Protein chains: 2
Amino acid sequence: MAGNTSRPGATVVSRVLALLGAFDENHRRLTLTELARRAELPVPTAHRLIGELTAHGALARTPSGEYVVGRQLWSLGVLAPVQTGLLEAASPFLHDLYAATLATVHLAVRDGTEVLYLDRLSGQRSVPVVSTVGSRLPLYPTGVGKVLLAHAPEQVQAKVLSSLKRITPHTITQPARLRAQLERVRSEGYATTVEEMTLGACSVAVPVRRNEADVVAALGIVVPSLRRDRPRLVAALRVAAHGIGRSISGGA
Amino acid sequence: MAGNTSRPGATVVSRVLALLGAFDENHRRLTLTELARRAELPVPTAHRLIGELTAHGALARTPSGEYVVGRQLWSLGVLAPVQTGLLEAASPFLHDLYAATLATVHLAVRDGTEVLYLDRLSGQRSVPVVSTVGSRLPLYPTGVGKVLLAHAPEQVQAKVLSSLKRITPHTITQPARLRAQLERVRSEGYATTVEEMTLGACSVAVPVRRNEADVVAALGIVVPSLRRDRPRLVAALRVAAHGIGRSISGGA
DNA sequence: ACTAGGCTTCCACTGAGCGGAAGGAGGGTG
DNA sequence: CACCCTCCTTCCGCTCAGTGGAAGCCTAGT
């Protein structure tokens with residue numbers, strides 16, 4: 001007796017990635033059992049795979065026995081072209097922008113139909129901000145997301161517009177209305193949101209262009225309200241976005 | 001016929017990590033054949049594994065057919081506790097330090113017997129700097145490395161001291177001499193190197209302490225020569241290190 | 001002492017993984 | 001145009017790496 005009943009079709013690679021995928025922003029430390037549960041794997045299987053990953057430094061074990069993402073994976077991750085050059089180039093401008101606005105500053109790119117946050121400087125804690133570096137959010141209810149969506153291929157826009165889910169009472173869920181906004185984003189050169197993702201948080205964002213053409217990222221800030229200093233914020237954002245764009249231009 | 005002759009003992013996990021490990025600072029884009037060669041795997045095996053990894057977003061394929069580290073791995077990597085809080089907290093101080101010195105600024109931690117660079121701001125290009133964010137170097141010929149080594153457990157120090165390899169004509173290869181230097185690093189509170197890693201590059205580094213006790217990181221700068229402004233550099237470094245330390249203190 | 005929970009080890013069955021071979025696809029050269 | 005060379009991709013039957021139920025551990029809580 002004994003033997004097994006492994007779910008056929010499942011590969012080791014998919015199992016390993018399921019385990020790694022169990023970690024996220026609010027689950028940076030997980031026990032064996034939690035990992036197994038979240039990856040939907042039997043505990044002994046998870047145990048063995050995790051043991052191997054740990055031996056190779058892909059995971060690490062805390063003194064208390066929990067598992068965390070290992071330094072090897074961090075070193076590997078920073079090689080990803082998400083950010084080659086972009087983050088380093090943007091850093092000083094993000095700080096300038098922060099100094100000028102004292103708001104939470106975001107640098108983000110589009111990854112499929114989501115915003116991927118590359119960097120963040122935190123402003124006043126009174127404004128609720130859900131994004132963190134490395135996290136993903138939908139494109140349509142965020143400032144940086146709207147900018148990226150406005151400059152995305154038609155195919156991507158269509159896909160996003162076809163499934164607008166209400167997140168707060170202010171989320172835009174009518175495709176036609178969002179499409180009109182995207183048109184404005186392109187003509188005006190900036191996007192805004194008013195509590196569409198989080199109550200109490202508004203945002204302003206502008207595109208970052210390489211060679212003054214392709215939109216490769218978006219730069220945004222989150223503030224408690226848009227009041228009447230919006231022009232000042234947009235101006236500050238534009239200066240920073242231009243600076244970043246100049247720093248990264250030149251390549252293909 | 002057919003069948004296989006797979007090297008026994010090799011696991012899928014080790015094969016996958018060998019493939020991922022094929023990427024490094026100077027090899028961010030690799031072709032299938034290069035990946036297979038660097039991971040010492042047969043091409044068809046590499047092909048299948050890479051295909052799966054790509055399907056899961058762990059790797060990505062460039063338009064030209066080469067493979068790069070994927071965004072999923074980047075998102076995962078930023079969850080690593082290498083840097084939770086530390087990088088974000090340090091960022092403004094690194095910029096201040098850069099503004100004050102115009103030198104290349106480094107933030108690093110110890111990973112085993114190596115320095116792991118967490119962040120870098122580039123100064124004058126005339127000074128040759130080999131480190132990059134995410135890369136590793138030996139502890140003993142670098143400024144940040146000496147600081148970290150000086151505050152490492154005796155066991156680690158012994159291991160490092162037992163295998164000092166000459167890198168430049170100025171590299172310290174006598175264990176006794178290095179041990180004396182480490183003693184000075186502890187008493188003086190800063191470390192220096194003079195072309196020990198790279199000809200034409202000198203460095204100054206100080207520890208970053210959590211709760212004014214444990215050394216959790218090191219902060220350093222690279223300059224063309226140590227001339228006579230060393231006291232000013234050390235002072236600037238200390239201010240920044242203190243600031244970072246205060247920002248991250250409080251936890252265990 | 002007993003219970004409950006999570007962690008670790010064991011092991012025999014088996015299908016997922018293996019890689020040699022062969023078949024493209026592209027590009028350079030005589 | 002024919003040839004070659006290199007790199008990419010697909011195929012497939014053998015086999016051993018991987019699997020997970022069961023059982024034993026080790027805490028911590030009652």
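Just so you know, these numbers come straight off a predicted model, no measurement behind them.

## Let's talk about the overall build of chain A
Here is step 1: Regarding its fold elements, chain A presents nine helices and eight strands.
Here is step 2: Expressed as lengths along the three principal axes of its C-alpha atoms, the size of chain A is roughly 70 × 40 × 40 Å.
Here is step 3: Long-range contacts, defined as pairs at least 24 residues apart, comprise 55% of the intrachain contacts of chain A with a sequence gap of at least 6.
Here is step 4: Element-wise, carbon and sulfur atoms account for 53% of the exposed surface of chain A, whose accessible area totals about 11,900 Å².
Here is step 5: Of the side chains in chain A, 29 bear a positive and 19 a negative charge, and the two mean positions are spaced by 3 Å.

## Brief notes about the interface of chain B and chain A
Here is step 1: Across the boundary between the two partners, chain B contributes 49 residues, which contact 49 residues of chain A.
Here is step 2: Buried surface at the junction of chain B and chain A, both sides included, amounts to about 4,000 Å², of which 67% is carbon and sulfur.
Here is step 3: The largest contributions to the chain B side of the interface with chain A come from Arg71, Trp74 and Leu79 of chain B, which together make up 20% of the buried area.
Here is step 4: With its nearest N and O atoms 3.8 Å apart, the salt bridge here joins Glu88 of chain A to Arg120 of chain B.
Here is step 5: The interface formed by chain B and chain A includes 16 residue pairs in polar contact (both at pLDDT 80 or more).
Here is step 6: The set of elements that each furnish at least two residues to the side of chain B that touches chain A consists of α1 (12–21), α3 (43–55), β2 (67–69), α4 (71–77), α5 (86–101), β3 (104–111) and β4 (114–121) of chain B.
Here is step 7: Of all the elements, α4 of chain B adds the most residues to the side of chain B that touches chain A, at seven residues.
Here is step 8: Within the side of chain B that touches chain A, the residues separate by chemical class into 26 nonpolar, 13 polar and ten charged.

## Quick notes on the protein's contact with DNA strand D
Here is step 1: By nearness alone, 25 residues border DNA strand D, and Arg15, Thr45 and Arg48 of chain A together with Val12 and Thr33 of chain B come closest of all.
Here is step 2: Mapped onto the surface near DNA strand D, the elements with two or more residues apiece are α1 (12–21) and α3 (43–55) of chain A together with α2 (32–39) and α3 of chain B.
Here is step 3: Per-element tally for the surface near DNA strand D: the top contributor is α3 of chain A, with four residues.
Here is step 4: Tallied by class, the residues present in the surface near DNA strand D amount to ten nonpolar, eleven polar and four charged.

## Some words on the protein's contact with DNA strand C
Here is step 1: Of all residues adjacent to DNA strand C, which total 22 residues, the nearest are Val12 and Thr33 of chain A together with Arg15, Thr45 and Arg48 of chain B.
Here is step 2: The contact atoms of DNA strand C, taken as those within 4 Å of the protein, divide so that sugar and phosphate hold 74%.
Here is step 3: Val12 of chain A places a main-chain nitrogen or oxygen 2.6 Å from a phosphate oxygen of DNA strand C.
Here is step 4: Every element with two or more residues in the surface near DNA strand C is listed here: α2 (32–39) and α3 of chain A together with α1 and α3 of chain B.
Here is step 5: Here the surface near DNA strand C is composed, by residue class, of eight nonpolar, ten polar and four charged.

## Points about helix α9 (residues 230–248) of chain A
Residue and element names in this part refer to chain A.
Here is step 1: Here α9 contains 19 residues, and its C-alpha end-to-end distance of 27 Å stays within 8% of the 27 Å for a straight helix at 1.5 Å per residue.
Here is step 2: Turning to α9, its buried residues number three or more, namely Leu233, Val234, Ala236, Leu237, Ala240, Ala241, Gly243, Ile244, Gly245 and Ile248.
Here is step 3: In this fold, the buried residues of α9 make contact with α5 (86–101), β7 (202–210) and β8 (214–223).

## Here's the deal with the relation of the copies chain B and chain A
Here is step 1: Of the transformation placing chain B onto chain A, the axial shift is 0.1 Å and the rotation is 180°, giving an RMSD of 0.1 Å. Expressed as an axis order, the relation between the two copies is that of a two-fold axis. Among all residues of chain B, the one whose C-alpha sits closest to the rotation axis is Gly77 of chain B, at a distance of 2.5 Å.
Here is step 2: Interface overlap between copies: 100% of the residues of chain B at the interface are likewise at the interface in chain A, consistent with a symmetric, same-surface contact.

## As for the pattern of salt bridges
Here is step 1: With the rule as written, the count across this model stands at 22 salt bridges over all chains.
Here is step 2: The shortest N-O distance in the salt bridge between Glu196 of chain A and Lys146 of chain A comes to 2.9 Å. Of the two residues, Glu196 of chain A sits in the loop between β6 (191–194) and β7 while Lys146 of chain A sits in helix α6 (residues 143–150), which places them 50 residues apart along the sequence. Each member of the pair Glu196 of chain A and Lys146 of chain A is classed as buried.
Here is step 3: Salt bridges linked by common partners bring Arg71 of chain A together with Asp111 and Arg136 of chain B together as one network.

## Let's talk about the domain arrangement of chain A
Where interface size is quoted, it is often the accessible area lost as the parts come together.
Here is step 1: What the domain assignment lists for chain A is domain 1 (12–77) and domain 2 (86–248).
Here is step 2: Taking only C-alpha atoms, the centre of domain 1 of chain A and the centre of domain 2 of chain A are 32 Å apart.

## Overview of the environment of Gly189 of chain A
All names here are of chain A.
Here is step 1: By the element assignment, Gly189 lies in the loop between α8 (175–188) and β6.
Here is step 2: Placed 16 residues apart in sequence, Gly189 and Thr173 show a C-alpha to C-alpha distance of 22 Å.
Here is step 3: Excluding its chain neighbours within four sequence positions, the residues that come into contact with Gly189 are Arg184, Val206, Pro207 and Arg238.

## Notes on the pairing of β7 of chain A
Residues and elements named next belong to chain A.
Here is step 1: β7 sits mainly inside the fold: seven of its nine residues count as buried.
Here is step 2: Summarising the sheet, β6 and β7 pair through four bridges and their orientation is antiparallel. Looking across to β7, one finds that Thr193 is bridged to Ser203.
Here is step 3: Here β7 pairs with β8 via nine bridges, running antiparallel. Across the sheet, residue Val208 finds its bridge partner in β8, namely Ala217.

## Examining the UniProt feature "domain: HTH iclR-type" (unreviewed entry) in chain A
Here is step 1: On the UniProt side, "domain: HTH iclR-type" (unreviewed entry) is annotated at positions that read residues 10–71 of chain A here.
Here is step 2: As a span, residues 10–71 of chain A carries 52% helix and 10% strand, and end to end its C-alpha atoms are 27 Å apart.

## A few points about the packing of α1 of chain A against α1 of chain B
Here is step 1: It is the contact of α1 of chain A with α1 of chain B, at a shortest axis distance of 10 Å, that shows an interaxial angle of 75°. The angle between α1 of chain A and α1 of chain B places the two elements in the roughly perpendicular class. Of α1 of chain B, the residues touching α1 of chain A (which contributes Val12, Val13 and Val16 of chain A) are Val12, Val13 and Val16 of chain B.
Here is step 2: Taken together, the residues of the contact of α1 of chain A with α1 of chain B sort by class into six nonpolar, no polar and no charged.

Quick notes on the rules
Residues numbered from 1 in each chain as written. Chains lettered and ligands numbered in written order. Predicted model: local features only at pLDDT ≥ 70, side-chain atom pairs only at ≥ 80, totals over all residues. Heavy atoms only, no water. Helix = DSSP H or I, 4+ residues; strand = E, 2+ residues; numbered from the N terminus. Contact = heavy atoms within 4.5 Å. Areas by Shrake-Rupley, 256 points an atom, 1.4 Å probe, with all protein chains shown as cover. Lys, Arg positive; Asp, Glu negative; His and termini not counted. Charge placed at Lys NZ, Arg CZ, Asp CG, Glu CD. Buried area = accessible area lost by both parts, 1.4 Å probe. Salt bridge = Lys/Arg side-chain N within 4 Å of Asp/Glu carboxyl O. Polar contact = N/O pair within 3.5 Å; in protein donor to acceptor, adjacent residues only side chain to side chain. Nonpolar A, V, L, I, M, F, W, Y, C, P; charged D, E, K, R; others polar. Near = heavy atom within 4 Å. Expected span 1.5 Å × (residues − 1). Buried < 20%, exposed > 50% of the residue type's maximum accessible area, 1.4 Å probe, protein only. Least-squares fit on C-alpha atoms with pLDDT ≥ 70 in both. Domains from an automatic or database assignment. Pairing = 2+ DSSP bridges. UniProt positions renumbered as here; feature names shortened; annotations may be inferred. Axes fitted to C-alpha atoms, helices over the stretch in contact; angles between N-to-C directions. Parallel < 35°, antiparallel > 145°, perpendicular 65-115°, else oblique.

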